[in-house]
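Close look at the chain arrangement
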Amino acid sequence: GTTMIHLKTKEEVELLRENNLLVSATLAEVGRHVRPGVTTKELDALAEEFIRSHGAVPGFLGYGNPPFPATLCMSVNEYVVHGIPSGYVLKNGDIVSVDCGTVMKGFYGDSAYTFAVGEVSSEVGKLLQVTKEALYKGVAQAKAGNRIGDISAAVQSYAESNGFSVVRELVGHGLGRNMHEEPEVPNYGIRGRGPILKEGMVICIEPMINMGTKHVVFEQDGWTVCTRDRKPSAHFEFAVAITKDGPDV
Ligand code: MG
Ligand code: MG
């Protein structure tokens, strides 16, 4: 099939950078408030206020069908991604994936970070560490002349060599005037396959790594994704521009 990949000008990359820096600042602000006793809905309200006070609009609010009802996707423990903030009270030992989007000046920001709540088990700590490192393995492959499959294979081999599994049903994506553009960026695949990376492409790399089975289930709310065996899952995401000087996170 044909793919329509929008290459960005330097000016457009800078607008994407503004958005993604705001997303990063929002995640840091949320992270400062992640602790046992706080609800995911309280953290969501704080993020919405932070984003709007910086002149942007939450990128996920109202997105999709059914319309996503919140600013953040907050996915606790066995929830993989797209969890809806609620009255759930975070407790010691939980992990919470926080995925955040913004829209400002016609472009999107989109990044995610999984936080530990208090003290987590060493096994869960390793899941967080390996998932974050898998993201960096993918980023290192995000250079002009490489292919999407080089990113995919780097993420997959790192996660699996550490004993974890890679979610198949959800993938990374191009980012620009739309939150989800081509190309798809799977977290599994084969080196040397897929679209060639070119200067001006901006992609979100977002490994979703499970402690147990790779299989997931989609819940009745139309959004929430959960591991089939209910073991924990972690998720980290960066937006990366392909430049002649290498990956620009
Ligand atoms: Mg995201
Ligand atoms: Mg994304």
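Everything that follows concerns the structure shown earlier in this document.
Below is a summary of the structure that appears in this document. What you are looking at is a predicted structure, and each value in this text was computed from that prediction instead of being measured. (Residues numbered from 1 in each chain as written. Chains lettered and ligands numbered in written order. Predicted model: local features only at pLDDT ≥ 70, side-chain atom pairs only at ≥ 80, totals over all residues. Heavy atoms only, no water.)

**Structural notes on helix α4 (residues 148–161)**
Taking 1.5 Å as the rise per residue, α4 with 14 residues should run 20 Å; its terminal C-alpha atoms sit 20 Å apart, in good agreement. Within α4, eleven of the 14 residues are buried, which leaves it mostly tucked inside the rest of the structure. Restricting attention to buried positions, one finds in α4 the residues I148, G149, D150, I151, S152, A153, A154, V155, Q156, Y158 and A159. Looking one or two places after α4, you find G163, whose phi comes out positive at around 90 degrees. (Helix = DSSP H or I, 4+ residues; strand = E, 2+ residues; numbered from the N terminus. Expected span 1.5 Å × (residues − 1). Buried < 20%, exposed > 50% of the residue type's maximum accessible area, 1.4 Å probe, protein only.)

**Quick word on the packing of helix α3 (residues 122–140) against α4**
Taken N-terminus to C-terminus, the directions of α3 and α4 make an angle of 155 degrees; their axes are 8 Å apart at the nearest point. Classified by the angle their axes make, α3 and α4 are roughly antiparallel. α3 and α4 meet at a crossing whose hand is right-handed. Taking contact as the criterion, the partners of V130, E133, A134, K137 and G138 in α3 are, on α4, I151, A154, V155, Y158 and A159. For the contact of α3 with α4, the residue count by class is seven nonpolar, one polar and two charged. (Axes fitted to C-alpha atoms, helices over the stretch in contact; angles between N-to-C directions. Parallel < 35°, antiparallel > 145°, perpendicular 65-115°, else oblique. Left-handed = near helix turned anticlockwise from the far one by under 90°. Contact = heavy atoms within 4.5 Å. Nonpolar A, V, L, I, M, F, W, Y, C, P; charged D, E, K, R; others polar.)

**Here's the deal with the coordination of the magnesium ion (ligand 1)**
Taken together, the protein donors to the magnesium ion (ligand 1) comprise D99 (OD), D99 (OD), D110 (OD) and E237 (OE), at separations of 2.0 to 2.5 Å. Positions of the donor residues of the magnesium ion (ligand 1), expressed as sequence spacing, correspond to D-x10-D-x126-E. Between the two metals, the magnesium ion (ligand 1) and the magnesium ion (ligand 2), the spacing is 3.1 Å, and D110 donates to both. Of this pair, D99 sits in strand β4 (residues 95–104) while D110 is found in strand β5 (residues 107–116), placing the two residues eleven residues apart along the sequence. Pair check on accessibility: D99 and D110 agree, each one buried. (Donors = N, O, S within 2.8 Å, 3.2 Å for Na, K, Ca; no water.)

**Observations regarding the coordination of the magnesium ion (ligand 2)**
At this site the magnesium ion (ligand 2) is bound by D110 (OD), H173 (NE2), E206 (OE) and E237 (OE), with donor distances of 2.1 to 2.3 Å. Sequence positions of the donors to the magnesium ion (ligand 2) reduce to the motif D-x62-H-x32-E-x30-E.

**Looking at the sheet that holds strand β7 (residues 172–174)**
For sheets, the rule is that strands pair by backbone hydrogen bonds, running either parallel or antiparallel. The antiparallel open sheet is built from five strands, whose spatial order is β8-β7-β9-β14-β15. If you trace the sheet from one side to the other, it starts and ends with β8 (181–185) and β15 (246–248), each paired once. Sheet twist, expressed as the average angle between the axes of neighbouring strands with direction ignored, equals 30 degrees. Across two bridges, the pairing between β7 and β8 is antiparallel. When the sheet's bridge partners are listed, G174 is paired in β8 with E181. (Pairing = 2+ DSSP bridges.)

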